[in-house]
Amino acid sequence: MRLFQSFVAFLGGLCTVAALHAQSATPPLVGVACNLLVSEDERHEGLNTLHAGKYAAAERAFQNAFDACPSQHSILLDLSRAELQAKTLSEAIRSAQRFLELEPNSIDGRIVLANAFFMAQRPQDALRESEAVLRQEPALAVALKLKGNVQYLTGDLDGALATFVTLLDKHPEDEEGPYMLGRIYYQEKRIDHATGQFQRVLKLNPKSYKAYDNLGLCYQSLGDTELATRYFLTAIKLVDKDHPEYDWAYANLASLLLDAGDAEKAFGFASKAATRNPNSARNFYIGGKALSKLGKHELSANWLERSASLDSKYPEPLYLLSRVYSQLGQKEKAKEALERFEVVKKDAPRERR
Amino acid sequence: MNRRAFVLSLLAVPRGASAAHAQAAALRLPQFRDATPQSRIGFQCNGSPTSQKYLIETMPGGVAMFDYDGDGRMDLYFVNGAKLDDPMPPRKEPDKTDPRFWNRLYHNNGDGTFTDVTAKAGVQGRGYGMGVAVGDYDNDGHTDLYVTNFGRNILYHNNGDGTFTDVTDKAGVGGSGWSSSACFVDYDRDGWLDLIVTRYMQWDFEKNIWCGPREPGYRGYCHPASFKQATHLVFHNNGDGTFTDVSDASGIGTVPGYGLGIAFNDYDRDGWPDILIANDNVPEQLFHNLRNGKFEEVALRVGLAYDEDGRTFSGMGTDFDDYDNDGWPDVVVGALANEKYALFRNRKGEFEYVSGRSGLGRISSMHSGWGLKLIDYDNDGWKDLFVAQGHVMDNISLSSPSLKYLEPMLLLKNDAGVFEDVSALSGDVLGVPRASRGVAFGDLDNDGFPDVVVSCLNAPAVVLRNGGGNGNHWLLVNTVGTSSNRDGIGARIRVVSESGLEQFGFVTTAGSYQSANDKRVHFGLGQDKKVKLLEILWPSGIEQRLEGITADQILTVKEPPRAVK
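Per chain, residues are indexed from 1 in the order of the written sequence. Here the convention is simple: chains get letters from A, ligands get numbers from 1, in the order in which they are written. Only residues with pLDDT of 70 or above have their local features reported here, since the model is predicted, and side-chain atom pairs are shown and tallied only from 80 upward, although totals for entire chains, interfaces and linings are computed over all residues. To obtain the side-chain values, all non-hydrogen atoms of the structure were used and water was disregarded.

### A word on the overall build of chain A
Helix and strand assignments follow DSSP, with helices taken as H or I runs no shorter than four residues and strands as E runs no shorter than two, numbered in order from the N terminus. On a plain count of helices and strands, chain A comes out with 20 helices and zero strands. Contacts are residue-level and defined by heavy atoms, with any inter-residue pair within 4.5 Å sufficient. Once local pairs closer than 6 in sequence are excluded, the contacts in chain A between residues at least 24 apart make up 55%. Every accessible area reported is derived by Shrake-Rupley at a probe size of 1.4 Å, with residue values counting cover from the shown protein chains alone. Put simply, chain A shows about 15,600 Å² of open surface, and 51% of that area lies on carbon and sulfur atoms.

### Observations concerning helix α3 (residues 36–51) of chain A
Residues and elements named next belong to chain A. Compared with an ideal rise of 1.5 Å per residue, which puts 16 residues at 22 Å, α3 spans 22 Å between its outermost C-alpha atoms and is within 8% of the ideal. Taken together, the buried positions of α3 are S39, R43, G46 and T49. Here the buried residues of α3 occupy an arc of 130 degrees about the axis, which is enough to place them on one side. Those residues of α3 that are exposed and angled more than 90 degrees off the buried face are L37, D41, H44 and H51. Close packing links the buried residues of α3 with α4 (55–68) and α5 (75–85). Residue count minus one, scaled by 1.5 Å, sets the expected span of a helix. Three exposure classes are used, based on accessible area relative to the maximum for each residue type with a 1.4 Å probe and protein chains only: buried under 20%, partly exposed in between, and exposed over 50%. Taken from the helix axis, the directions to the C-beta atoms give the arc we talk about.

### Observations regarding the pairing of strand β16 (residues 259–265) of chain B
Residues and elements named next belong to chain B. When you tally the buried positions in β16, you get seven out of seven residues, the bulk of the element. Pairing between strands is defined by DSSP: at least two bridges between the two strands are required. Inspection of the sheet shows β16 paired to strand β17 (residues 274–279) by six bridges, in the antiparallel sense. Directly across from I262, in β17, lies its bridge partner I277.

### Quick look at the pattern of salt bridges
Residue and element names in this part refer to chain A. Within this document, salt bridges are pairs made up of a side-chain nitrogen of Lys or Arg and a carboxyl oxygen of Asp or Glu, the two lying within 4 Å of each other. Evaluation of the coordinates by the stated rule reveals 40 salt bridges over all chains. With its nearest N and O atoms 3.8 Å apart, the salt bridge here joins K145 to E176. Linking K145 in helix α9 (residues 141–153) with E176 in helix α11 (residues 176–187), this pair joins segments that are 31 residues apart in sequence. Each of the two residues, K145 as well as E176, counts as buried. The closest approach of N and O atoms between D262 and K265, which form a salt bridge, is 3.4 Å. Under the relative-accessibility criterion, D262 is labelled buried at 12%.

### Focus: the interface of chain A and chain B
At the interface, 37 residues of chain A touch 41 residues of chain B. Accessible area that two parts lose when put together, with a 1.4 Å probe and added across both, is what the buried area reports. When chain A packs against chain B, the two sides together hide about 3,500 Å² of surface, and 49% of this comes from carbon and sulfur. Linking chain A with chain B are five salt bridges, by the criterion used here. With a shortest N-O distance of 3.6 Å, K289 of chain A and E308 of chain B are connected by a salt bridge. The term polar contact refers here to a pair of N or O atoms within 3.5 Å; inside protein, the definition further demands a hydrogen-donor-capable atom paired with an acceptor-capable atom, and it admits residues adjacent in sequence only when both atoms are side-chain atoms. In this assembly, chain A and chain B are joined by ten residue pairs in polar contact (both at pLDDT 80 or more). Of all the elements in the fold, those that place two or more residues in the side of chain A that touches chain B are α12 (191–204), α14 (225–239), α15 (248–259), α16 (263–276), α17 (281–293), α19 (315–327) and α20 (331–347) of chain A.

### Considerations on the pairing of strand β34 (residues 521–526) of chain B
Within β34 of chain B, six of the six residues are buried, leaving the element largely enclosed by the surrounding structure. The alternating pattern of β34 of chain B places V521, F523 and L525 of chain B and H522, G524 and G526 of chain B on opposite faces, both of which are buried.

### Structural notes on the side chain of R437 of chain B
Residues and elements named next belong to chain B. Looking at where R437 falls in the secondary structure, it is placed in strand β28 (residues 436–442). His is not counted here, nor are the chain ends, while Lys and Arg score as positive and Asp and Glu score as negative. No salt bridge is formed by the buried R437; the nearest opposite charge belongs to E407, separated by 8.1 Å. Within the structure, the side chain of R437 is placed 2.8 Å from the backbone oxygen of T58, a separation counted as a polar contact. Separated by 3.4 Å, the side chain of R437 and the backbone oxygen of H391 make a polar contact.

### Re the state of the cysteines
In this description, the term disulfide denotes a pair of cysteine sulfurs within 2.5 Å. Going through the model one piece at a time under the given rule, you end up with two disulfides over all chains. One disulfide bridge connects C34 of chain A with C69 of chain A, the sulfur atoms lying 1.9 Å from each other. Between C34 of chain A and C69 of chain A, the S-S dihedral sits near -100 degrees, and the bridge is therefore left-handed. Placement of the pair is C34 of chain A in the loop between α2 (15–21) and α3 and C69 of chain A in the loop between α4 and α5, with a sequence separation of 35 residues. Taking relative accessible area as the criterion, C34 of chain A reaches 31% and is therefore assigned partly exposed. Judged by its relative accessible area of 0%, C69 of chain A is buried. Bridging C211 of chain B to C222 of chain B, the disulfide has an S-S length of 2.0 Å.

### Overview of the sheet that holds strand β24 (residues 369–375) of chain B
Strand pairing in a sheet is mediated by backbone hydrogen bonds. Such pairs are either parallel or antiparallel. All names here are of chain B. Strand order in this open sheet of four strands is β24-β25-β26-β27, and the pairing throughout is antiparallel. Taken across any chain shown, the strands that pair with only one partner, and hence form the sheet edges, are β24 and β27 (418–421). Across the sheet, the mean angle separating the axes of adjacent strands is 25 degrees when strand polarity is ignored. Examined bridge by bridge, strand β26 (residues 410–415) and β27 share four bridges and lie antiparallel to one another. Bridging across to β27, L412 finds its partner in D421. For helices, the fitted axis covers only the stretch in contact; all axes are lines through C-alpha atoms, and the angles between them, taken along N-to-C directions, range from 0 to 180 degrees.

### Regarding α19 of chain A
Residues and elements named next belong to chain A. Here α19 spans 19 Å end to end across 13 residues, near enough to the 18 Å set by a 1.5 Å rise per residue. A large share of α19 lies buried, amounting to eleven of its 13 residues. Within α19, the full set of buried residues consists of P315, E316, P317, L318, Y319, L320, L321, S322, R323, V324 and Y325. Looking one or two residues past α19, G329 carries a phi angle of roughly 75 degrees, positive in sign.

### Section: the sheet that holds strand β22 (residues 342–347) of chain B
All names here are of chain B. If you trace the four strands from one edge of the open sheet to the other, you get β20-β21-β22-β23, paired in antiparallel fashion. Both outer strands of the open sheet, β20 (318–321) and β23 (350–353), are each paired with one neighbouring strand and no more. Each strand of the sheet is rotated relative to its neighbour by a mean of 20 degrees, with strand direction disregarded.

### Focus: the confidence of the model for chain B
If pLDDT is low for a region, its predicted coordinates should not be looked at in detail. Residues and elements named next belong to chain B. Here chain B averages 95 in pLDDT, while 95% of its residues score no lower than 70. Overall, residues 13–17 carries pLDDT values under 50, and its contacts beyond four positions in sequence, including any with other chains, amount to six contacts. Prediction confidence for the complex, expressed as pTM and ipTM, is 0.89 and 0.88 respectively. A score between 0 and 100, pLDDT records how confident the predictor is in each residue.

### A word on the side chain of T479 of chain B
Within the secondary structure layout, T479 of chain B lies in strand β31 (residues 473–480). At 2.8 Å, the side chain of T479 of chain B forms a polar contact with the backbone oxygen of D487 of chain B.

### With respect to unusual backbone geometry
The linkage connecting P60 of chain B with the following residue, G61 of chain B, adopts the cis geometry, with an omega of 0 degrees. As for its position among the elements, G61 of chain B is in the loop between α3 (36–39) and β2 (63–66). Geometrically, the link from D86 of chain B to P87 of chain B is a cis peptide bond, its omega value of 0 degrees lying close to zero. With respect to the helices and strands, P87 of chain B occurs in the loop between β3 (75–78) and β4 (104–108). Non-glycine residue Q121 of chain A carries a positive phi angle of around 55 degrees. Among the structural elements, Q121 of chain A can be located in the loop between α7 (107–119) and α8 (123–136).

### Notes on the environment of I93 of chain A
All names here are of chain A. Mapped onto the elements, I93 comes out in helix α6 (residues 89–102). Given a relative accessible area of 6%, I93 falls into the buried group. Sequence-distant contacts of I93, that is, excluding residues within four places in its chain, are made with L113, A116, F117, A120 and R122.

### Thoughts on the packing of α16 of chain A against α17 of chain A
The description of two packed helices rests on the angle between their axes and on the distance between the axes. Residues and elements named next belong to chain A. The interhelical angle for the contact between α16 and α17, taken along N-to-C directions, is 155 degrees, at an axis separation of 8 Å. Taken together, the axis directions place α16 and α17 in an arrangement best described as roughly antiparallel. Between α16 and α17 lies a crossing of left-handed hand. When α16 is examined against α17, the residues A263, A266, F267, A270, A273 and A274 are found in contact with a partner set consisting of N283, F284, I286, G287, A290, L291 and K293. Residues are grouped as follows: Ala, Val, Leu, Ile, Met, Phe, Trp, Tyr, Cys and Pro are nonpolar; Asp, Glu, Lys and Arg are charged; all remaining types, including Gly, are polar. By residue class, the composition of the contact of α16 with α17 is ten nonpolar, two polar and one charged. Here the word oblique covers every angle except those under 35 degrees (roughly parallel), over 145 (roughly antiparallel) and from 65 to 115 (roughly perpendicular). Helix crossings get a hand from a simple test, with the near helix turned counterclockwise from the far one by less than a right angle marking a left-handed crossing and a clockwise turn marking a right-handed one.

The structure is reproduced here in structure tokens:
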């Protein structure tokens with residue numbers, strides 16, 4: 001699930017995509033007790049607090065809005081979205097399911113549910129729901145994206161490829177089509193094709209920092225270190241102030257600098273990545289690797305331990321930890337790290353070529 | 001600071017010589033030339049490609065450089081594929097009857113030409129050939145041949161009269177399945193060469209599947225993970241012309257892999273040979289010799305199983321030699337494009353992944369390396385790296401236009417542990433794109449500058465003559481065992497030349513990819529005209545010490561009796 005977790009963060013959460021699609025209100029049913037005035041007030045409050053990032057308050061407000069007028073079914077979708085933002089994923093799923101019990105043919109409801117399953121790392125359920133939507137509306141962009149992302153994350157790259165080709169075909173103006181095609185080609189090590197797709201993204205959105213970042217990865221793979229560095233730096237410039245949550249470009253540049261033999265500069269960028277996202281195991285791994293190359297083994301061990309603790313299924317830090325502990329003469333810890341590595345490595349996906 | 005300066009400052013890491021410096025240095029770099037036309041060698045390794053993309057088609061074949069007739073000149077043996085039907089009918093075997101598919105033995109005439117003596121020698125082979133190992137398994141003074149196949153392998157006994165006899169059944173070394181690289185090594189130091197064979201995978205024509213996109217032209221050769229791993233074979237030499245299969249008892253046969261390359265050396269300097277197996281996309285293996293006929297797989301423990309991130313790579317050709325002259329044998333393993341060739345530096349029995357630091361990673365990331373060896377091609381006292389290249393997929397450019405099926409050779413000069421790409425400065429022949437596979441290294445013309453012979457898939461083999469000419473001196477040491485195996489395989493040699501430069505060599509024919517190299521141990525001596533000290537630790541345990549040896553000669557050293565030191 002490491003890939004899943006990191007990718008959810010990478011995408012910035014698909015729930016916002018679903019939210020864009022579903023904003024409809026349900027008219028109150030005759031005969032059901034409904035205080036529409038109170039409900040509308042609470043709903044308005046919920047939307048405001050949600051927008052302000054006060055997710056718990058938003059949850060309460062939407063719940064009050066629904067209690068005040070249960071015939072306003074669509075409030076359940078607002079509630080589900082707030083619960084998603086609050087990371088109360090079981091509740092988000094339950095709210096979406098309650099809505100679908102009342103509105104079984106709602107495409108919006110099914111998308112919210114699919115998204116909740118996706119965020120809750122239940123890819124098969126998310127896939128089922130998104131496919132159900134696509135049976136009704138085969139070209140619906142948000143459903144195609146959900147399906148494609150699930151396929152991508154579960155390793156069904158052929159399936160993901162077909163889905164995003166459809167997205168690109170039906171919605172050529174949507175940058176997520178070429179972006180995800182680029183990601184898939186990159187995973188398949190079809191670097192030239194990936195490069196073409198990311199450049200396509202830039203034509204649609206010249207400020208796509210993710211495209212710049214990925215172009216950096218592509219040119220690094222193609223052996224053009226200078227161009228790769230330029231792309232990473234462009235991505236960093238774009239995210240520096242406007243996207244404080246985006247850490248990947250810093251980590252990717254750090255990794256490139258490590259390969260180029262400059263551990264000191266690499267550590268600088270890895271530190272920035274870790275500051276931006278202290279929950280990324282990869283950021284701490286790259287930092288720990290840089291420190292190891294700088295001969296700062298004790299510090300390196302701290303960073304690598306942090307990396308391993310952030311993601312128990314990430315083999316890389318454990319392998320390096322065993323080497324670092326060996327360097328420090330801590331044989332028992334080295335042995336233990338190697339044993340942990342072996343366990344994790346068995347379940348890790350095999351390397352592509 | 002402007003943007004370009006900033007980018008460059010980020011990348012401003014210490015490098016080797018500048019381009020201008022390299023160009024200037026090129027004036028003194030030995031040049032390789034294509035000596036194939038003059039050699040009269042017309043061999044072509046025919047993989048018999050089909051639309052079925054049978055994986056065996058893209059994997060052969062090996063080359064051996066050895067002196068089969070004892071005239072002091074290195075002869076050549078090439079392994080060939082066999083005719084395949086498209087598709088292969090059930091139970092039909094690959095067909096080698098057509099002479100185009102024969103393995104070939106070429107006699108070195110000593111004047112730059114070779115004569116095809118295959119038919120007379122009786123070494124055409126059978127089945128679909130892969131690799132070759134050489135060694136004098138019966139200590140009769142004549143080097144024998146072991147040919148690996150998809151199917152039963154072959155042991156050819158050298159009769160000493162220019163002919164060979166297939167003694168596979170009598171010797172009991174036929175094996176089965178898909179064998180790849182093999183080596184002769186006296187692992188128990190009883191004076192008789194044993195035989196170790198890597199096997200690639202459990203594959204058969206009936207098991208073949210479609211891999212790659214189902215679009216015209218895109219069908220590809222399968223990733224090894226599509227099939228089960230195979231176990232390696234170990235045959236113990238009984239000293240009477242027969243061998244005993246001890247694969248399981250030795251421990252080596254109990255640890256499967258996708259074995260493609262093999263080499264051996266004494267990684268912990270305990271006096272016992274350890275076995276390295278390069279595996280494709282699973283951890284590399286190092287079998288530590290426990291001195292009782294058994295081995296323990298220790299690659300993970302000593303840092304040799306994975307790259308520095310704990311990731312596997314597509315291990316193919318390999319070499320096990322001391323590139324940094326510290327006396328501890330290092331390991332280099334070829335890999336596929338989008339990976340990096342792996343260089344592991346031996347630090348007193350623990351390995352450190354140094355592909356990045358040595359420059360090898362940066363240089364090799366877009367290449368695919370098969371036959372390779374650490375050779376001191378310019379005789380400066382530092383072992384350089386030669387790699388024959390080419391992607392495994394003949395249609396790789398469809399999915400990855402930046403990658404090519406046919407690739408030029410790669411020659412990296414060793415500058416005190418850092419490698420610099422001098423391919424473009426070392427002869428136009430190196431720049432010709434080819435589907436290179438097996439490579440044998442050694443001195444074809446006995447001029448002290450190592451030559452290279454490359455087998456290319458579905459294209460003519462290439463003989464690369466090293467023109468030398470830089471004035472550096474050299475020494476070739478030809479060991480003759482008495483208590484030890486007659487080849488002296490497994491002997492460790494330490495050389496200290498006039499200037500104090502210390503080098504270490506190891507007698508082996510193994511390494512590269514599916515191939516066998518000149519057994520003689522080569523030392524480049526730079527400007528030193530004398531070797532102050534030459535020490536040999538024979539497999540028998542006997543130590544021998546020679547002093548004041550003149551450079552630029554082939555020194556044959558006979559193992560002394562046990563009492564003499």
